[in-house]
Every structure is written in C-alpha cells, then in structure tokens.
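Architecture and fold: a report
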Amino acid sequence: MRRVVVTGLGLVTPLGGDVETSWANLIASKSGAGQITKFDTSDHKCTIACEVKPKDHEFGFDPDKRVDHKVQRQVDPFIVFGIDAAGQALEDAGLDQMDDDLKLRAGCSIGSGIGGLPGIESESIVLKERGPSRVSPHFVHGRLINLISGQVSIKYGLMGPNHAVVTACSTGAHSIGDAARMIKDGDADVMLAGGAESTVNPLGVAGFAQARALNMSMNDRPTEASRPYDKGRDGFVMGEGAGVVVLEEYEHAKARGAKIYAEVVGYGLSGDAYHVTAPHPEGKGAELAMNMALRKAGMTSGDIDYVNAHGTSTMADTIELAAVKRVLGDDLGGASMSSTKSAIGHLLGGAGAVEAIFCILAMRDQIVPPTLNLDDPDEGTEGVDLVPHKAKKREVKAVLNNSFGFGGTNASLVLKKVD
Amino acid sequence: MSDTADRVSKIVVEHLGVEADKVTQEASFIDDLGADSLDIVELVMAFEEEFGVEIPDDAAEKITTVGDATKYIEEHKG
C-alpha cells in the first residue's frame, strides 16, 4: 500500500507570515486578535477579527515575496495567501524546482470555504454605481475558489490532479484527506494540499454577525474574545490566512532524502444530516468522522496524544468535547486537547490545514499549543487537559485534528510521527 | 515624453507590474510586457478612466503597443 507523508509546510496566519513565526507566537501564547483595520466598522455589531498583519508589523506578511505584483492586483487576498503558503511548502520540501517528469505527477488540492467575497462585494458596487462596462475583466477568475490551485499549478508547472474542496470550515482538512487519497490511489506522487480564507470584509463580517455566529460582546477586549471551552464564550472571532502542506508518497520522499514531518494515517468524513449551521446536538456526525479516521489509522484511544479541536468558542464546543470523550474516553485516553482558534481566530476554509500544521509542529517539537482565555472551564471539561493559557511540553507521537463546517460537514485527520 | 505618454506609462507599470524602463512607446503589451488579452481589456478601462475617453472594442483591438495607446488617447481626448 502506498503511504503518504508530509514533507513541506507553509503558513500565513494572524500570528505570522511564515511557519516558524506563527508557531513561535502560538507557543508563546500570543493572540492575533485586534480591531478590524480593513474597513470602517463603526456601524457593525462586530468590530474585531484576527487579521493577517501588514509587512511592516513585527509578525506581518509580505505578499511581494512569492506573488507577482500583477497577480496581487487581480485576485482576492485568499488567493494571495494560498499562493504564498504553497510556495513556502514547496521550498520547505525542496520541491520548488521539480523536474519535468515529477511535474506530471504533482498536483494541487487547495480550497477555500467562501472564496473571493471581498472582490464580489466591491465589484457589485462597481456594477451598481458605474455599470457593467466597468467590471474588471479579472473579476471571475480572481474570486473563484479553485484559483489557488490554478495559480499555483501555473506558477510551478504542476500538471497532476488539480482540485479544490469547498466544505466551509472543514475545507482544509478535507483538502488534505482527499489529496492523500489521490497519492494512495496512484494519481500523483506529490500533492500541495490545504486551504485559505480572507473574508474580513463588510459583507463577510455582517453575514456571520447576522447569523449570530460571532463574538459581539467583547469588541473592547479583542484578545479575550476567542475563548473555547470557557463559560464566558460567546461566538467565534474571524481569522484569515492559509495553510498548505506538501504531501508525498513515502518511498518517493525517502528516495530523495526528504525531511519527513509526519504520516497521514487516518481520514474520516461524515455529514450531520441535521441543520445548516448548528451541529447535531449529540455530535453523532463528529463521532462518525473521528471513529472513521481512527479505524483507518488502526489506532484506538490511548494512541492519540494531542487533539486539535475544532473548538470555535461557540456553544458547539460542548458538543464536540462530548463526542471526543465518547471516542477517546472521559480522560481522552491521556491526550491533551486544545483549540488554537483561541489565538488565531477561525480561519474557516483555512482552519483545518493551518491546524493540521500546528499538530505536525506539536509532534516535531514535542509541545502542545495552548487554549487561550480558558479562565473558567465549562461543565463537562473536568478531567480533560485543555492546555489552558500556556503551551505544554509532552510526548506527542500521534494527533487527531477535527474540523466541522456549516451544512453539517465533518472531517477528522489522524497524523503520526514517522520513526 | 508628452504628458499623455507619461501617464500611459505609469498606468502600464502599475497594472502589469513591469519595470518602468521597459515601458517604451514601441513596447508591445503582449510580446514585450507579458500582458494577456484580459490585461489589455483592463488597461483600456484604466486609460478610459484616466483620460475620460471612450475606447470602443474595435479601436481597442488595434492597440497593441504603448505608443498605439498614447496616440489614440491624444487624438480622442477632449
């Protein structure tokens, strides 16, 4: 059987424009939250988000490093984040200059939950105020979700499978899982896989606020607003950015002496079949996805050392925790579980991939990232190590990463260290 | 360089992300400056905005160099 390993990582997050900066800030319990700077929020119910910082910020993102000026002008920010994260991952894997044969066996599976909402919003205004002949000729292909995969394939000449998942907040995890299957099935030897999002724009913020999904009670305390598993939690904080990994067939990676971060051993998918925004109250879908991923991995409770929770800082956290307990046991089989959304907010379609990378770095450095703001843990959290406030050194050999999305779509990944 | 040529060059540099010294009047948008057909549509829109001229599609199709654009604008601007 063909095995799939991770050989490259790329991140653009509210805590950094690259992997090591983002990770160092996460482990140092820093928060990426603040007042929204991208637009005037004075008439909005929510005024805070975890934005990717400009390049002059101490942990800002410089789009000029890997994305052509012309492309930056034509596409929405989620595509810029995705192209850069993919470039980082390829460079990290030593695959940014592939030979022509490998290019035929290398593909992309980089998705997004919502796609180019800021551009849809702004061009709608152009259409209304100035007419159809002023709409940008780059409008459509600068907003489409599959255009990260498209742009990256063009930039690096990748002619393998070109795919883009759209499953709301499960996108990043599904992207990695689907791409791993493409490698297992022999469709490719190398896949760039991940997700990106950037919808901190008036329409995006207003839409999530009207859906009562966002924290709107802590606009004056942005770094405290994302507080998964805390009694005072009151909705999620929007984040933006991208996470992309290089997945590679194990023998291929070994033969070229690649640095191997982890193996993708389990992938589970399910649907809640319940409600468009609310998770099933008994968490049945989440449980199905986790059990499927563990079964594929040939693992049971006790094998998992760290769970990166979906943990959005909403009422759904309770449902997820109950489901994880049913799968792993009341003490999670000794695993630690944290929600890194407490630090970077909810990256929606990027979340699953960014969090999978955090899981991989937890295994690399044998340290689990914290759940910030967990001052007053909710009922049901007793006996569970939710890693409050501070990162924790511990053995991490295998991890479970959960992602759940609107529409009732669930994905779980199990990754493990390769000896 | 005329004022029109100067402003045309600036728009081309900004939209195509090319070095200013490559944007000569003789430079072809596609062959020399890496533009594609959609980039030219966008450039024409930008010229229309900047100079308050209307460049119909049949005229736009004949604009292949920076100099073509400058000439058309100088002949048609108000």
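Residues numbered from 1 in each chain as written. Chains lettered and ligands numbered in written order. Predicted model: local features only at pLDDT ≥ 70, side-chain atom pairs only at ≥ 80, totals over all residues. Heavy atoms only, no water.

**Digging into the overall build of chain B**
We apply this condition: For helices the rule is a DSSP run of H or I covering at least 4 residues; for strands it is a run of E covering at least 2, with both sets numbered from the N terminus onward. In this description the radius of gyration comes from C-alpha coordinates, and the expected globular size is given by 2.2 Å times residues to the power 0.38. The contact criterion used is simple: two residues touch if any of their non-hydrogen atoms lie within 4.5 Å. Areas reported as accessible are Shrake-Rupley estimates using a 1.4 Å probe. Residue values count occlusion only from the protein chains shown. The sign given to each residue is positive for Lys and Arg and negative for Asp and Glu; His and the chain ends receive no count. Positions of charges follow a simple convention, taking NZ of Lys, CZ of Arg, CG of Asp or CD of Glu.
The helix and strand tally for chain B stands at four helices and zero strands. For a compact globule of 78 residues, the expected C-alpha radius of gyration is about 12 Å, and chain B comes in at 11 Å, within 12% of that figure. Along the first, second and third principal axes, the C-alpha set of chain B runs to 30 × 25 × 20 Å. When contacts within chain B are restricted to residue pairs at least 6 apart in sequence, those whose partners lie at least 24 apart make up 53%. A total accessible area of about 4300 Å² is found for chain B, and carbon and sulfur atoms account for 48% of it. Where the 6 positive side-chain charges of chain B centre and where its 21 negative ones centre are 6 Å apart.

**Some remarks on the UniProt feature "domain: Ketosynthase family 3 (KS3)" (unreviewed entry) in chain A**
Put simply, the rule reads: UniProt positions are given in the numbering used here, feature names are shortened, and annotations may be inferred rather than shown by experiment.
What UniProt calls "domain: Ketosynthase family 3 (KS3)" (unreviewed entry) maps, in this numbering, to residues 1-417 of chain A. Segment residues 1-417 of chain A splits into 32% helix and 18% strand. End C-alpha atoms: 18 Å apart.

**Some points on empty space enclosed by the protein**
All names here are of chain A. Put simply, the rule reads: Using only the protein atoms, space was sampled on a 1 Å grid; points where a 1.4 Å probe fits but cannot get out form cavities, open sets with protein on both sides within 12 Å along at least five of seven lines form pockets, and lining residues are those with an atom within 4 Å of a point. Grid points are joined across faces, edges and corners, and a volume is the space filled by probe spheres set on the points. Note on residue categories: nonpolar means Ala, Val, Leu, Ile, Met, Phe, Trp, Tyr, Cys or Pro, charged means Asp, Glu, Lys or Arg, and polar means any other residue, Gly included.
A complete count under the given rule lists one cavity of 30 Å³ or more for this structure. In this structure, the largest cavity spans a volume of roughly 30 Å³. Around the largest cavity sit Y229, R233, D317, T318, L321, D378, E379 and T381, which together line it. Tallied by class, residues from the lining of the largest cavity come to two nonpolar, two polar and four charged.

**What to know about the pairing of strand β14 (residues 409-416) of chain A**
Residues and elements named next belong to chain A. Let me state the cut-off plainly: Only protein chains enter the accessibility calculation, which uses a 1.4 Å probe. A residue is then buried if its area is under 20% of the maximum for its type, exposed if over 50%, and partly exposed in between. At least two DSSP bridges between two strands are required for those strands to pair.
The element β14 is extensively covered by neighbouring structure, given that seven of its eight residues are classed as buried. Where strand β8 (residues 262-271) and β14 come together, eight bridges link them in antiparallel fashion. Bridging from a neighbouring strand, L269 pairs with A411 of β14. The pairing of strand β13 (residues 398-405) with β14 spans eight bridges and is antiparallel.

**Thoughts on the UniProt feature "active site" (unreviewed entry) in chain A**
Residue and element names in this part refer to chain A. This chain's UniProt record puts "active site" (unreviewed entry) on C169. Relative to the helices and strands, C169 is located in the loop between β5 (162-163) and α7 (171-184). When neighbours within four sequence positions are excluded, C169 is seen to be in contact with H310, H346, L348, G349, S403, F404 and G405.

**Here's the deal with the interface of chain B and chain A**
Using the following cut-off: Each of two parts loses accessible area, computed with a 1.4 Å probe, when they are put together; buried area is these two losses added.
With 15 residues of chain B in contact, the opposing surface of chain A contributes twelve residues. Of the roughly 1100 Å² buried between chain B and chain A, counting both surfaces, carbon and sulfur atoms make up 44%. Its largest share of buried area at the contact with chain A, chain B owes to L38(B), E42(B) and M45(B), together 42% of the area lost on that side. For the side of chain B that touches chain A, the secondary structure elements donating two or more residues are α1 (3-16) and α2 (37-51) of chain B. The dominant element in the side of chain B that touches chain A, judged by the number of residues it contributes, is α2(B), at seven residues. In terms of residue class, the side of chain B that touches chain A is made up of six nonpolar, three polar and six charged.

**Points about the domain arrangement of chain A**
Residue and element names in this part refer to chain A. Where we set the bar: Note that the domain bounds reflect an automated or database-derived domain assignment. Two N or O atoms count as a polar contact when they lie within 3.5 Å, although within protein this holds only if one can serve as hydrogen donor and the other as acceptor, and sequence-adjacent residues are included solely when both atoms are side-chain atoms.
Parsing chain A into structural domains produces domain 1 (4-256) and domain 2 (266-416). The centre of domain 1, based on its C-alpha atoms, is set 21 Å off from the matching centre of domain 2. Contacts between domain 1 and domain 2 engage 63 residues on the former and 64 residues on the latter. For the domain 1 and domain 2 pair, buried surface summed over both sides reaches about 4700 Å², with 65% attributable to carbon and sulfur atoms. The largest per-residue losses of area from domain 1 upon contact with domain 2 belong to W23, Y229 and R233, which jointly make up 20% of the total buried on that side. Taken together, the connections running from domain 1 to domain 2 amount to 31 residue pairs in polar contact (both at pLDDT 80 or more). Breaking the side of domain 1 that touches domain 2 down by element, the ones donating at least two residues are β1 (4-12), α1 (19-27), α7, β6 (190-197) and β7 (241-249). If you tally residues by element for the side of domain 1 that touches domain 2, the top one is α7, at eight residues. Across the side of domain 1 that touches domain 2, the residue classes tally to 29 nonpolar, 22 polar and twelve charged.

**Points about the UniProt feature "modified residue: O-(pantetheine 4'-phosphoryl)serine" (unreviewed entry) in chain B**
UniProt records the feature "modified residue: O-(pantetheine 4'-phosphoryl)serine" (unreviewed entry) at S37(B), using the numbering of this structure. A relative accessible area of 52% places S37(B) in the exposed class.

**With respect to the sheet that holds strand β9 (residues 306-308) of chain A**
Residue and element names in this part refer to chain A. What the ten strands build is an open sheet, ordered β5-β4-β6-β7-β1-β8-β14-β13-β9-β10; its pairing is mixed. Of all the strands in the sheet, just β5 and β10 (336-338) have a single pairing partner and so form its edges. Both β9 and β13 contribute to a ladder of three bridges, which runs parallel. Paired with N308 across the two strands is N401, which belongs to β13.

**Some details on the packing of aromatic side chains**
Residues and elements named next belong to chain A. We count it as follows: Two aromatic rings, drawn from Phe, Tyr or Trp (for Trp, its six-membered ring), form a pair once their centres lie within 6.5 Å of each other, and the interplanar angle then sorts them: stacked below 30 degrees, edge-to-face above 60, tilted otherwise.
By the definition in use, this model includes four aromatic pairs over all chains. Taking the centre distance of 6.2 Å and the plane angle of 50° together, the rings of F208 and F406 count as tilted. Remark: F406 occurs in the loop between β13 and β14 and F208 occurs in helix α8 (residues 202-210); sequence separation between them is 198 residues. A residue is classified by how much of its surface remains accessible, and F406, at 36% relative accessible area, is partly exposed. Each residue in the set F208, F236 and F406 is aromatic and connected to the rest through ring pairs, giving one cluster.

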